[in-house]
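# Chain and residue survey
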Amino acid sequence: MEITLAVNGQAYSVVPEGRRLLAVLRDDLELLGTKLACGEGACGACAVLLDGRPVNACLLLAEAAAGHEIVTIEGLSTIRARAIQEAFVAEDALQCGFCTPGQIVSATALLERTSRPTREEIHEAMAGNLCRCGAYPKIERAILRAAGAT
Ligand code: FES
Ligand code: FES
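Bear in mind the structure is a predicted one, so any value in this text is a computation, not a measurement. The residue numbering used here restarts from 1 in each chain and proceeds along that chain's sequence as written. The naming scheme follows written order: chains are lettered A onward, ligands numbered 1 onward. Note on the predicted model: pLDDT of at least 70 is required for a residue's local features to be given, and 80 or more for side-chain atom pairs to be given and counted; whole-chain, interface and lining totals, by contrast, use all residues. Values shown for side chains rest on all heavy atoms present in the structure; no hydrogens or waters enter the calculation.

## Observations concerning the pattern of salt bridges
One side-chain nitrogen of Lys or Arg within 4 Å of one carboxyl oxygen of Asp or Glu is enough to make a salt bridge. Applying the stated criterion across every chain yields a total of six salt bridges. A salt bridge links Arg80 to Glu112; the nearest nitrogen and oxygen atoms lie 3.6 Å apart. Here Arg80, found in helix α3 (residues 79-90), pairs with Glu112, found in helix α4 (residues 100-113); they are 32 residues apart in sequence, far enough to count as distant. Relative accessibility thresholds used throughout: buried, under 20% of the residue-type maximum; exposed, over 50%; partly exposed, between the two (1.4 Å probe, protein chains only). A residue is classified by how much of its surface remains accessible, and Arg80, at 31% relative accessible area, is partly exposed. According to the relative accessible area criterion, Glu112 is partly exposed, its value standing at 43%. One salt bridge connects Arg145 with Glu91, and the closest N-O pair in it is separated by 2.9 Å. One end of the pair, Arg145, is in helix α6 (residues 136-146); the other, Glu91, is in the loop between α3 and α4, with 54 residues separating them in the sequence. Here a strand is any run of E in DSSP of at least two residues, a helix any run of H or I of at least four, and the numbering for each starts at the N terminus.

Written out as structure tokens, the structure is:
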């Protein structure tokens, strides 16, 4: 059955056939910034915004995302999202970069709802985003920088 997904401000007709949102984004819409890592909701590499809240696209059925606003890393264009991306570069907050799209998606959601988060709020908001390279201190500094707290 065909459904319509609203992704990065555009409407797409897709036939999900029971697939997860991540598969539709990557395979059908060729939005490859959203990564597949664990595939079971444990790492945050596949984070996208669903009506402004971060969700793991590897768990969510594409059908369940119909009727919601989906934003992927490619569509993050707010001033705040740009500030976060610049802060990640300035703080060198990545090594291999594989987790970075998911980290930036989650950080954007955090700063959209809490413009000056505490370190504890950052830890809580980013707890679902794992980084195998261990860039956590730099990621925290980047978020603080983007929030204007450094
Ligand atoms: S790939 Fe979705 S949470 Fe790890
Ligand atoms: S920068 Fe390599 S997994 Fe995070």
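Okay, back to it.
## Points about the domain arrangement of the chain
Per the domain assignment, the segments of the chain are domain 1 (3-75) and domain 2 (79-146). Between domain 1 and domain 2, the C-alpha centre-to-centre distance is 20 Å. In what follows, a contact means two residues having at least one pair of non-hydrogen atoms within 4.5 Å. Listed per partner, the contact involves 14 residues of domain 1 and 10 residues of domain 2. On the domain 1 side of the interface with domain 2, the three residues burying the most area are Lys35, Cys43 and Ile73, jointly 39% of the side's total. Our count for the domain 1 to domain 2 interface comes out at zero salt bridges. Think of a polar contact as two N or O atoms within 3.5 Å of one another; within protein, one of them needs to be a possible hydrogen donor and the other a possible acceptor, and neighboring residues in sequence only count if both atoms come from side chains. Inspection of the region where domain 1 meets domain 2 yields three residue pairs in polar contact (both at pLDDT 80 or more). The element best represented in the side of domain 1 that touches domain 2 is strand β3 (residues 47-50), accounting for three residues. Here the side of domain 1 that touches domain 2 is composed, by residue class, of 10 nonpolar, three polar and one charged. An automatic or database domain assignment supplies the residue ranges for each domain. Note on terms: buried area is the combined drop in 1.4 Å-probe accessible area of two parts once they are placed together, counting the loss on both. When residues are grouped by polarity, Ala, Val, Leu, Ile, Met, Phe, Trp, Tyr, Cys and Pro land in nonpolar, Asp, Glu, Lys and Arg in charged, and all others, Gly among them, in polar.

## As for the nonpolar core
Looking at soluble globular proteins, one finds that nonpolar side chains tend to be buried together. Membership of the largest hydrophobic core comes to 25 residues, with the highest contact counts inside it found for Leu76, Phe88, Ile139 and Ile143. Sorting the residues of this core by element identifies β3, α3, α4, α5 (119-126) and α6 as the ones contributing at least two each. With six residues, α4 is the largest single contributor of residues to this core. Both domain 1 (3-75) and domain 2 (79-146) contribute no fewer than three residues apiece to this core. Setting aside residues up to four positions removed in sequence, Leu76 forms contacts with Leu49, Val71, Ala81, Gln85, Ile104, Val105 and Thr108. Only buried Ala, Val, Leu, Ile, Met, Phe, Trp, Tyr and Cys residues count toward a nonpolar core, and they belong to the same one when joined by side-chain atoms within 4.5 Å.

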